[in-house]
Amino acid sequence: MARTTIPTTYDPRQVEVARYRIWKEAGYFRAVPDPARRPWAVMMPLPNVTGELHIGHALNNSVQDVLTRFRRMQGFCALYQPGTDHAGIATQNVVERELAREGLRREDLGREKFQERVWAWVRKYGSIIYSQLERLGISCDWDRKVFTLDPDYSRAVLEAFVRLYRKGLIYRGRHMVNWCPRCETVISDLEVVHEEVDSSLWYVRYPGADGGPGVVVATQRPETILADVAVAVHPADDRYRHLVGTTVLVPLVRRPVPVIADPRVDPAFGTGAVKITPGHDPLDHEIGADHRLPTLVVLDSRGRMTGEAGRYAGLDRLAAREAVAVDLQEAGLLERVEPYRSSVGHCDRCHTVIEPSISDQWFLDVAEMARRAADAIRAGRVRFHPQRWTKVALDWLDGIRPWVISRQLWWGHRIPVWQCAACGERTADTAAPAACPRCGGADLVQDPDVLDTWFSSALWPLATLGWPRDTADLRYFYPTSVLVTDRGIIFLWVCRMIMFGLEFMGEVPFADVYIHPTVLTLTGQRMSKSLGTGIDPLEMADGRGYGADAVRFALISRCSQAQQDMRFGEKMIEDVRNFNTKLWNATRFVLLHLDGFDHRAPAPAPAALSTADRWIRSRHARLAGEVTALLEAYEFDKAARALYDFIWGEFCDWYVEMAKADLQREAGDPVRRHAVQHTLWVVLSRTVQLLHPIMPFITEEVWQLLPHDGPSIMVSPWPQPDPGWVDHQAEAEVAVVKDTIRAIRSLRAELALPPGRRVPVRLRADGPTRAMLERARPYLADLARAEPVHLDDPAVPRPAGCAAAVLPQVEVLLPLAGLVDAAREQARLRKTVDQVEAEIRRLEGRLQDHEFTARAPAEIVAQQRQRAEELRVRARRIRELLEALAAEG
RNA sequence: GGGCGGUUAGCUCAGCGGUUAGAGCGCAUGCUUCACACGCAUGAGGCCAGAGGUUCAAAUCCUCUACCGCCCACCA
């Protein structure tokens, strides 16, 4: 077999981009329904078209890619569905900011022109994220890219709306909603982020209409006093009972309003009396409605005071707050002001303070859908990993409220409802109706609003597969296998997909939900570009030259179900780069020793395998089983660690070193040579296959360099743990050999022996262990520079002048008279024997404890007895050594 | 106000009822050993946040406390 020249160092940048192109052109990413194979599917959590790849995307997509590559190798027909989201508010904001730099507002362009402008933006920047995902090695089916405003997808959105409308679940209502005065649209409860803000509590006197002292109320928002319609107290509050039913005057405007009693007032807060402002507070709105009070509005859609606010008209909310406070002070009605910290709602997108506001909107009644979704989760038809998120999802579904689905934006799916100018009848349809179905009028006006972006994303698993059409994709891939996402969108997206999946398909959209940790900086801050605290995955891969593999492995290896957050830093990627180099060099070693090897020749007979060969095969069989089970259980950190420890700690540190000894000693034996070559090849090949889902590029390079069958590791069969490889005897034997080698090295280091110097060693052990060590002579010589090695029965008298270590099964002696400082040796051994004896006392104490021997399981008791016995033997040997040393001194 | 996580070696984290609590990085010492100095070898470093409890046995289970973080919530 011709030997390829192998570069000494591995530069990921040189291979990754080229390799990705080969895969893509070979069509390995494509998923076409295949009745002969089992389907497996994952849906990419659609990134915003405006987005650029950040570390969170890198993690999320790496996890999905690990699963997809794993299942593909297992023989599933694996679909990884990509796509982007039009992201209504986010995208509109970006383009509006661009317009603002030109001194324009969207109204200056008009709806049509503005939309053209956004489309131009999307065409220019919308595919950046795709090329960035490609750079990470993401193996999704690019032929299936979907954008939520694509014609097919839009049809699905309108179809969903119309079906829900006709079921009576979508309705128009006038309610208190969350209004963003900057975006000038309603947003849902989930898009409001509450933050603690330092503010004040103003205590304001409302004088009695009869000239009495009236009542003092506490408020955070003096500017809304202008819209007050009552003062409320708790019905059982004796302080105010006499005032209920009387009239007080609203400060500044001197409007007479009633004092009412309502149990929703907390008598312990403030003065126990609260002003009622139904136009600007959700609770007040309810109380106002129950008491049949009027609603006054003093703020407009941009958060400025309206004409109703008299002399404050035109002022912004905050300016008005100051002005009103000053005027109250001057009027002598401001009793006091206290500092106050409270939770204030902000717009998720632009961080403006939300204004509770009454407006006409479209609502979706999700009560029944949520109930069915909760039932499905409770029945285990959707399983969350880690499990703790189950309760979080259920709590939200159980307390669900109607969903505001209209948005006062221009970018999104236009609400498919037309109103007749003549009779006012509203009609919902997937296309504009020709005439009003009620009066026949032809003058129909479409609703100006668009749908909440999350309404369309809730259809993602359906619409990407062709719904509402009955397609082969939908029949084959739905329901999908798993959804991978961050905890931040469990309600916004995950729960809603479950609701819509059940509503429109009668089946949940995915069987598993894997919630991965959120990436933070090493100091626990949010990764943020603007704060300069982020790690840019592409800068790491290309700029710093660590490669996409290193970024992926670093993220995946910290993807633990035990942690909600993942602290991440460049050092972690650097560590993986070192691991890659290690793997690369191990591959070089194997290739250098594969001369004349034919991987298609019959595998070596068991008798041809050395202990080392059998040991590494046994370890590999365990690894294969472990990695498979861990990936299936979404235990990514453990899978990554198992691979890392095996490759570095077992294959490189021990097997390769032992194989060197075998190859050298047995150079003339073709059967043994083939056995070692075969072991090196088969273990490394299968190991890179197991590692491929996490590090696709380097594993492909290695696999291609090694003798192989098939065109790519990507489409090679997932290694099955070979039960015939498990070999307890070889594992036990290598364990003893490793301990012995480590003991010799440790003694050498303490004696400061030059590394190259060969030292004679005497090993004392019982028969079976001596047989093992006999076989291990070449390893002892090469790995510990121990030569010659004398194997003694423990009964043989010890020579004088030895450095010694006493292992459970082996006594290691370095007879180096002259070099060994007897006093130091004695001190060291005495320390050891003290430790051993302390442990024996502890064990014996326990074994003499009747409670323990009577109540602990028999096997535990037996185990501890045996251990105590072993320790006694060890202690006796050490003491004998000490006596011998004393005799010499 | 309610809920959920976390607290283990200098750092990032495993371990989650039973031998002497582990890894990587960092640190110390020695090595240009024929795959690899992005490496090899050896070593130092921990009252497992605190206090109670359950158990023959607790880093591991329970209760409380403290601190850190996240989510939900109509306390004006």
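Residues numbered from 1 in each chain as written. Chains lettered and ligands numbered in written order. Predicted model: local features only at pLDDT ≥ 70, side-chain atom pairs only at ≥ 80, totals over all residues. Heavy atoms only, no water.

## Section: the protein's contact with RNA strand B
The immediate surroundings of RNA strand B are formed by 59 residues, with Gln220, Glu839, Arg842, Arg855 and Arg867 found nearest. Atoms of RNA strand B within 4 Å of the protein belong to the sugar or the phosphate in 64% of instances, the rest to bases. One nitrogen or oxygen atom from the side chain of Trp648 is found 2.6 Å from a phosphate oxygen belonging to RNA strand B. A distance of 3.3 Å separates a base nitrogen of RNA strand B from a polar side-chain atom of Lys660. Looking at which element gives the most residues to the surface near RNA strand B, the answer is helix α18 (residues 570–592), with twelve residues. Partitioning the surface near RNA strand B into residue classes produces 22 nonpolar, eleven polar and 26 charged. (Near = heavy atom within 4 Å. Polar contact = N/O pair within 3.5 Å; in protein donor to acceptor, adjacent residues only side chain to side chain. Helix = DSSP H or I, 4+ residues; strand = E, 2+ residues; numbered from the N terminus. Nonpolar A, V, L, I, M, F, W, Y, C, P; charged D, E, K, R; others polar.)

## Examining unusual backbone geometry
A cis geometry characterises the amide bond from Tyr478 onward to Pro479, with omega recorded as -5°. Residues Glu787 and Pro788 are joined by a peptide bond in cis, for which omega reads -5°. By the secondary structure assignment, Pro788 is in strand β27 (residues 786–792). You will see that Ala87, though not glycine, has its phi angle at about 50°, which is positive.

## Focus: the sheet that holds strand β26 (residues 759–764)
Paired through backbone hydrogen bonds, the strands of a sheet run either parallel or antiparallel to each other. If you trace the four strands from one edge of the open sheet to the other, you get β27-β26-β29-β28, paired in mixed fashion. Every interior strand has two partners, whereas the edge strands, β27 and β28 (802–806), have only one. Taken pair by pair, the neighbouring strands of this sheet meet at an average axis angle of 20°, ignoring direction. (Pairing = 2+ DSSP bridges. Axes fitted to C-alpha atoms, helices over the stretch in contact; angles between N-to-C directions.)

## Looking at the confidence of the model for chain A
On average, chain A scores 91 in pLDDT, and the residues at 70 or more come to 99%. Predicted complex, confidence summary: ipTM 0.96, pTM 0.93. (pLDDT = per-residue confidence, 0-100.)

## What about the pairing of strand β29 (residues 811–815)?
Most of β29 sits out of view: four of its five residues are buried. Pairing analysis gives three bridges linking β26 to β29, with the strands arranged antiparallel. From the neighbouring strand, Arg764 faces β29, where its bridge partner is Glu811. Here five bridges tie β28 to β29, and the two strands are oriented antiparallel to one another. Bridge assignment links Cys802 to a residue of β29, and that residue is Pro815. (Buried < 20%, exposed > 50% of the residue type's maximum accessible area, 1.4 Å probe, protein only.)

## Some thoughts on the sheet that holds strand β10 (residues 247–250)
Read across the sheet, four strands follow the order β10-β11-β9-β12 without closing on themselves; strand pairing throughout is mixed. The open sheet is flanked by β10 and β12 (273–276), the only strands paired with a single partner. Across the sheet, the mean angle separating the axes of adjacent strands is 35° when strand polarity is ignored. Across four bridges, β10 lies against strand β11 (residues 255–261) in antiparallel orientation. When the bridges of β11 are listed, Thr247 appears paired with Pro258.

## Brief notes about the nonpolar core
One finds Phe568, Phe636, Phe651, Val812 and Leu814 to be the most contacted residues of the largest nonpolar core, which totals 139 residues. Tallying contributions element by element places helix α20 (residues 636–665) first for this core, with 16 residues. The residues touching Val812, leaving out its near neighbours within four places in the chain, are Thr740, Ala743, Ile744, Leu747, Val761, Arg762, Leu763, Ala803, Ala804, Ala805 and Leu807. Among the nonpolar cores identified, the runner-up in size contains 67 residues, and Met43, Ala370, Leu459 and Tyr478 belong to it. (Core = buried A, V, L, I, M, F, W, Y, C linked by side-chain atoms within 4.5 Å. Contact = heavy atoms within 4.5 Å.)

## Looking at the pattern of salt bridges
Following the criterion strictly, the structure yields 90 salt bridges and no others. A salt bridge links Glu96 to Arg106; the nearest nitrogen and oxygen atoms lie 2.8 Å apart. In this pair, Glu96 is assigned in helix α3 (residues 88–101) and Arg106 in helix α4 (residues 106–109), connecting sequence segments ten residues apart. Given a relative accessible area of 9%, Arg106 falls into the buried group. For the salt bridge of Glu191 with Arg407, the shortest nitrogen-to-oxygen distance reads 2.8 Å. One end of the pair, Glu191, is in the loop between β6 (185–187) and β7 (192–206); the other, Arg407, is in strand β17 (residues 406–407), with 216 residues separating them in the sequence. Arg407 shares its class with Glu191; the two are buried. What emerges from the salt-bridge pattern is a single network uniting Lys167, Glu368, Arg371, Arg372, Asp375 and Glu503. (Salt bridge = Lys/Arg side-chain N within 4 Å of Asp/Glu carboxyl O.)

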